[in-house]
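Understanding the architecture of this molecule
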Amino acid sequence: MSFNSQIQAVAYCRTPYKQKFGIPRQPGLVSAARGFVELAPPFNQIDAVRGLEQYSHLWLLFCFHENLAAGWKTTVRPPRLGGNEKLGVFATRSTFRPNGIGQSVVKLHAVHSHNGKVSLEISGMDLLDGTPIIDIKPYIPFSDSIENAQGGIAQEAPVLANVYFNEQAQIQLEKYQQNPAYPRLAELIEGVLAQDPRPAYKKAKADPKLYQVALYDLDILWIVTDAGIKVIELRASTINQKLASQAHD
């Protein structure tokens, strides 16, 4: 028995996350992350989402588009196990999957239709900006939420790190927060960094490295201290410049 099918994107997700590093490992962990699902032709029709506003949450099926070239792996090293033990790929939510398909639950805030373009305003996503969405389905509480379900190695929510800002970063944060282009910026930064996006093996020893996470068009620079994660600078991001340079090359 064999099966083949071509799948095309029905939409693309616009999010604050401009690089893979720093994206929450599961949906719903950072509620301050706001974005849009923009429907693509020929699905860009208001009739295609008629009635969707009656639901509070959606399932997004999407493609791990930046990992497809790397192929899939039989076993992977989940961060929950410190990056040292292996589990089968189908026992994890690893991005290195045979068909490169992921799924996330997001909160739906509004359905917009303007100048012939249809978009869904969402929050709580764990998706890279530009992620192709291959299907959208309503979340049904009575069937999708299973009481007393067992979560294996991910039964409990992750332990959050303490996040704080030095004086310079606090001044920069206050300036950027006056710009409506950065909604709930402090909450977003704190929510992302509280997950401690570093590789698991880095967390068991001293780590003097300077880290960077791109949110919106900002680079958030931070270090790890005994007190937690300290944000030391917010500045205009170089991520878009790098992507433009790579495309030109």
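Quick note: structure is the one above.
Residues numbered from 1 in each chain as written. Predicted model: local features only at pLDDT ≥ 70, side-chain atom pairs only at ≥ 80, totals over all residues. Heavy atoms only, no water.

**Quick look at the pattern of salt bridges**
- In total, this model carries 9 salt bridges according to the counting rule given.
- For Arg14, the salt bridge identified is with Asp129, shortest N-O distance 3.9 Å. Here the residue Arg14 occupies a position in strand E1 (residues 11-14), and Asp129 occupies one in the loop between strand E7 (117-123) and strand E8 (131-138), the gap between them amounting to 115 residues.
- Classification of Arg14 as partly exposed rests on a relative accessible area of 35%. (Salt bridge = Lys/Arg side-chain N within 4 Å of Asp/Glu carboxyl O. Helix = DSSP H or I, 4+ residues; strand = E, 2+ residues; numbered from the N terminus. Buried < 20%, exposed > 50% of the residue type's maximum accessible area, 1.4 Å probe, protein only.)

**Things to note about the packing of aromatic side chains**
- Using the criterion set out here, one finds 7 aromatic pairs in the structure.
- Measuring from ring centre to ring centre gives 5.9 Å for Trp59 and Tyr139, while their planes differ by 40°; the resulting arrangement is tilted. In this pair, Trp59 is assigned in strand E3 (residues 57-63) and Tyr139 in the loop between E8 and helix H1 (141-144), connecting sequence segments 80 residues apart.
- Between Tyr176 and Tyr182, the ring centres sit 5.6 Å apart and the planes meet at 90°, which makes this aromatic pair edge-to-face. Each member of the pair Tyr176 and Tyr182 is classed as buried.
- A network of ring pairs unites the aromatic residues Phe21, Tyr211 and Trp222 as a single cluster.
- A cation over an aromatic ring shows up here: Lys73 above the ring of Phe96, its NZ or CZ 4.5 Å from the ring centre.
- Positioned above the aromatic ring of Tyr176, the side-chain terminus of Lys175 is 4.7 Å from the ring centre. (Phe/Tyr/Trp six-rings, centres within 6.5 Å; stacked < 30°, edge-to-face > 60°. Lys NZ or Arg CZ within 6 Å of the ring centre and 35° of its normal.)

**Some thoughts on the sheet that holds strand E9 (residues 163-165)**
- Across the sheet, which stays open at both edges, the 4 strands sit in the order E9-E12-E11-E10 with mixed pairing between neighbours. Either end of the sheet is taken by a strand with one partner, and the two such strands are E9 and strand E10 (211-215). Sheet twist, expressed as the average angle between the axes of neighbouring strands with direction ignored, equals 35°.
- Direction of pairing for E10 relative to strand E11 (residues 218-225): antiparallel, over a ladder of 5 bridges. By the bridge assignment, Tyr211 is partnered in E11 with Trp222.
- Taken strand by strand, helix H2 (residues 167-176) contacts E9, E11 and strand E12 (228-236), and its axis lies near 50° from that of E12. (Pairing = 2+ DSSP bridges. Axes fitted to C-alpha atoms, helices over the stretch in contact; angles between N-to-C directions. Contact = heavy atoms within 4.5 Å.)

**Some thoughts on unusual backbone geometry**
- In the segment running from Pro41 into Pro42, the intervening peptide bond is cis, with an omega of 0°.
- Of note, Pro42 is situated in the loop between strand E2 (34-39) and E3.
- The phi dihedral of Asn115 is positive, around 50°, even though this residue is not glycine.
- Looking at the secondary structure, you find Asn115 in the loop between strand E6 (101-114) and E7.
- Judged by its relative accessible area of 68%, Asn115 is exposed.
- Of note in the backbone geometry, Asn148 takes a positive phi value of approximately 65° without being a glycine.
- Mapped onto the elements of the fold, Asn148 is located in the loop between H1 and E9.
- You can call Asn148 exposed: its relative accessible area is 64%.

**Things to note about the nonpolar core**
- In this structure, Ile189 and Leu193 are the most contacted members of the largest nonpolar core, which totals 48 residues.
- At 7 residues, the largest contribution of residues to this core is made by helix H3 (residues 185-194).
- Setting aside residues up to four positions removed in sequence, Ile189 forms contacts with Phe165, Leu173, Leu215, Ile220, Val231 and Leu234. (Core = buried A, V, L, I, M, F, W, Y, C linked by side-chain atoms within 4.5 Å.)

**Describing the sheet that holds E6**
- One closed barrel accounts for 6 strands, arranged E1-E2-E7-E6-E3-E8; its pairing is antiparallel. Shown here is a sheet whose adjacent strand axes are inclined to one another by a mean of 45°, direction ignored.
- As defined by bridge partners, E2 adjoins E7 across 5 bridges and the pair is classed as antiparallel. Across the sheet, the residue bridging to Phe36 is Glu121, located in E7.

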